[in-house]
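Overview (structure and organization)
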Amino acid sequence: MAVNAAARRPANAVRHDTRLALALLAIFLAISAVLAIAPATRSDWLLENVITVLALIWLIFSYRQRPLSRLACILLFVFGVLHEIGAHYQYSEVPYDHWFATISGGQSLDAMLGFERNQYDRLVHFLYGLLITPVAAEVICARVRLRGVWQFLLPVTFMMSHALIYELVEWLAASVFAADVGQAYLGTQGDVWDAQKDMFLATLGSLIAQPLWMWHRRES
C-alpha cells in the first residue's frame, strides 16, 4: 500500500519553501538598501543594524541545515521591514502620525488615542513578541522535544530573556557612545520606565502568540 507524503513527514517537520525564503530575503535586502539612503541619523542607523546583520548571517547559515517554515519566513520578513523603517527614521521620530493624518483627512492618531509620545518603538517591541515568538518556538521545538506546559513556557521565557538582553544592550550602547548617539539609540523619550514597558509589551506579544502557534502547529 502506498504511503502518502503526510504520513511519511516527521512529526516535527515544517513545510518550508526555499524559493519563498529567497524571494523574501531579496525583497528585504532591496528595502533595506533603499532605507539605508540618507537615514535620520547615520550613527543610530548603524547601531540599529548591527543585530540585524548578525541575525541575517545566522539565519542564512542555519537555514541550510534546518529550513524555516513559510510562516516563520513571512513573520521574520514583516518584522525586519518594520525594524528597518525604525532604523531609517530613528525609532522615536517615525512619522506614523503624519502618515495617518495624510490618509484620514488631517486627524491625529496620537491625539485620538491620547498618546503623548511617539509610540512606534513600543509597537515594534510588542510585535517582536507577537511575530518572533512563533519563529523561536519553531526553532526550539526542532531541537528539543517539549511536552505539556513546557511547550508554552520555554518559548515565552526565551523571548522574555531576549527582551531583557536587548534592553541591556541599549543601556550599554547609551553608556559607551557619545551622549547624542546613545540617547537616540536608547529612545526613552523622557520615560524613566521605558525599558520596563518595552519588556512588558514584548512579553505580552509573546503570551498572545504562543497559544496561537501551538494551535496552528496542531492543525497543520
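Before going into details, it helps to say that this report is about the structure given with it. (Residues numbered from 1 in each chain as written. Predicted model: local features only at pLDDT ≥ 70, side-chain atom pairs only at ≥ 80, totals over all residues. Heavy atoms only, no water.)

**Digging into the pattern of salt bridges**
Using the criterion set out here, one finds four salt bridges in the structure. The closest approach of N and O atoms between Asp-121 and Arg-117, which form a salt bridge, is 3.1 Å. The exposure class assigned to Asp-121 is buried, which follows from its relative accessible area of 7%. Owing to a relative accessible area of 13%, Arg-117 belongs among the buried residues under this scheme. Residue Asp-198 pairs with Arg-122 through a salt bridge whose shortest N-O separation is 3.3 Å. Highlighted residues: Asp-198 in helix H10 (residues 194-219) and Arg-122 in helix H7 (residues 120-143), separated in sequence by 76 residues. Both residues of the pair, Asp-198 and Arg-122, count as buried. Salt bridges here are not isolated pairs; linked through shared partners, they connect Arg-117, Asp-121, Arg-122, Asp-194 and Asp-198. (Salt bridge = Lys/Arg side-chain N within 4 Å of Asp/Glu carboxyl O. Buried < 20%, exposed > 50% of the residue type's maximum accessible area, 1.4 Å probe, protein only. Helix = DSSP H or I, 4+ residues; strand = E, 2+ residues; numbered from the N terminus.)

**Re the side chain of Asp-110**
Here Asp-110 lies in helix H6 (residues 109-113). Although Asp-110 lies buried, it forms no salt bridge, and the closest oppositely charged side chain, Arg-117, sits 9.1 Å away as judged by the N-O distance. In this structure the side chain of Asp-110 is engaged in a polar contact, spanning 2.7 Å, whose partner is the side chain of Tyr-96. Look past the residues within four positions of Asp-110 in its chain and what remains in contact with it is Tyr-96, Asp-97, Phe-115 and Arg-117. (Lys, Arg positive; Asp, Glu negative; His and termini not counted. Polar contact = N/O pair within 3.5 Å; in protein donor to acceptor, adjacent residues only side chain to side chain. Contact = heavy atoms within 4.5 Å.)

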